[in-house]
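Descriptive structure summary
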Amino acid sequence: PPACCTGTGLKGDYFNNTALTAPVVLSRTDATVNFDWQYGSPAANLNTNAFSVRWTGQVQPLFTQTYTFYTSSDDGARLWVNGVQLINQFVNQGTREWSGTIALTANVKYDIKLEYFEGGGGANCTLSWSSASTPKQIIPQTLLYPTGYTGTNANLITSIMEQVPAVN
């Protein structure tokens, strides 16, 4: 089985507009998505208002169960897991929580993409999950991987790569 629980977070690409369009102003690995910037900015070179973030990578569940993913954000958020859009609330809004469910297999790394924008006022975004064996929580850093995101075929590519012997 693939190694578990060695994640370092998700790749965050930050933009100085609400449309997630180039150029990327800041690219970094965020340990978790658990941010409350209040009326500030994620970084000195980013707008206080009218910015957006795209987090990509993979998420690794510990149980073979149906998981509920939750976003809580001010303003908009969209979430895809394993190529399936679970949340589509890319609208100006005060802090609201949205959720969607998907069946996942233990220890498999699934593509995950979260898009967020801040239009004005307060700015916050969190990404949580729950399952029958997982109390609702911010998805932990150790189960998030910033690499491997290639769209919908990443699981197939990962499983093929794990079968290829390492060359020393």
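Residues numbered from 1 in each chain as written. Predicted model: local features only at pLDDT ≥ 70, side-chain atom pairs only at ≥ 80, totals over all residues. Heavy atoms only, no water.

With that settled, the discussion passes to the packing of aromatic side chains. Summed over the entire model, instances satisfying the criterion amount to 10 aromatic pairs. Ring geometry for Trp55 versus Tyr116: centroids 6.5 Å apart, planes at 40°, classification tilted. Placement of Trp55 in strand β4 (residues 51-59) and of Tyr116 in strand β9 (residues 110-118) is noted, with a sequence separation of 61 residues between them. Judged on exposure class, the residue Trp55 and its partner Tyr116 are both buried. One aromatic cluster in this structure is built from Tyr14, Phe35, Trp37, Phe51, Trp55 and Tyr116. Positioned above the aromatic ring of Tyr145 is the side chain of Lys109, whose terminal nitrogen or guanidinium carbon lies 4.0 Å from the ring centre. Here Lys136 stacks its cationic end above the ring of Tyr70, 4.2 Å away from the centre of that ring. (Phe/Tyr/Trp six-rings, centres within 6.5 Å; stacked < 30°, edge-to-face > 60°. Helix = DSSP H or I, 4+ residues; strand = E, 2+ residues; numbered from the N terminus. Buried < 20%, exposed > 50% of the residue type's maximum accessible area, 1.4 Å probe, protein only. Lys NZ or Arg CZ within 6 Å of the ring centre and 35° of its normal.)

This next bit is on the state of the cysteines. Summed over all chains, the structure comprises one disulfide. Linked covalently through their sulfurs, Cys4 and Cys5 form a disulfide whose S-S length is 2.0 Å. Taking the sign of the torsion about the S-S bond as the criterion, the disulfide between Cys4 and Cys5, at about 40°, is right-handed. Using a relative accessible area of 29% as the deciding quantity, one classes Cys4 as partly exposed. For Cys5, a relative accessible area of 34% corresponds to the partly exposed category. (Disulfide = S-S within 2.5 Å.)

Another point: the pairing of strand β3 (residues 34-38). A one-sided burial pattern is seen for β3, the buried positions being Phe35 and Trp37 and the unburied ones Asn34, Asp36 and Gln38. Where β3 and strand β10 (residues 123-131) come together, four bridges link them in antiparallel fashion. Within β10, the residue paired with Phe35 across the bridge is Cys125. (Pairing = 2+ DSSP bridges.)

Our next topic: the environment of Pro140. On the secondary structure map, Pro140 appears in the loop between β11 (134-138) and β12 (144-145). Taking the C-alpha atoms as reference points, Pro140 and Val59, 81 residues apart in sequence, are found 9.5 Å from one another.

Right, let's get into the pattern of salt bridges. Enumeration over the complete set of coordinates arrives at six salt bridges. The shortest N-O distance in the salt bridge between Lys11 and Asp13 comes to 3.7 Å. Using a relative accessible area of 34% as the deciding quantity, one classes Lys11 as partly exposed. Ionic pairing is found between Glu97 and Lys136, a salt bridge with its closest N-O pair at 2.6 Å. (Salt bridge = Lys/Arg side-chain N within 4 Å of Asp/Glu carboxyl O.)

Moving on: the side chain of Asp74. Along the chain, the position of Asp74 falls in strand β5 (residues 65-74). Buried and unpaired, Asp74 has no salt bridge, with Arg96 as the nearest side chain of opposite charge at 11 Å. In this view, Asp74 contacts Gln93, Gly94, Thr95, Tyr116, Phe117, Glu118, Gly120, Gly122, Ala123 and Asn124; residues no more than four positions away in its chain are not counted. (Lys, Arg positive; Asp, Glu negative; His and termini not counted. Contact = heavy atoms within 4.5 Å.)

So, about the side chain of Glu118. Looking at where Glu118 falls in the secondary structure, it is placed in strand β9. One buried charged side chain, Glu118, makes no salt bridge at all; its nearest oppositely charged neighbour is Arg28, positioned 14 Å away. For Glu118, the side chain forms a polar contact with the main-chain nitrogen of Gly120, separated by 3.1 Å. If we skip the residues at most four places from it in the chain, Glu118 touches Thr18, Thr48, Asn49, Ala50, Phe51, Asp74, Asp75 and Ala123. (Polar contact = N/O pair within 3.5 Å; in protein donor to acceptor, adjacent residues only side chain to side chain.)

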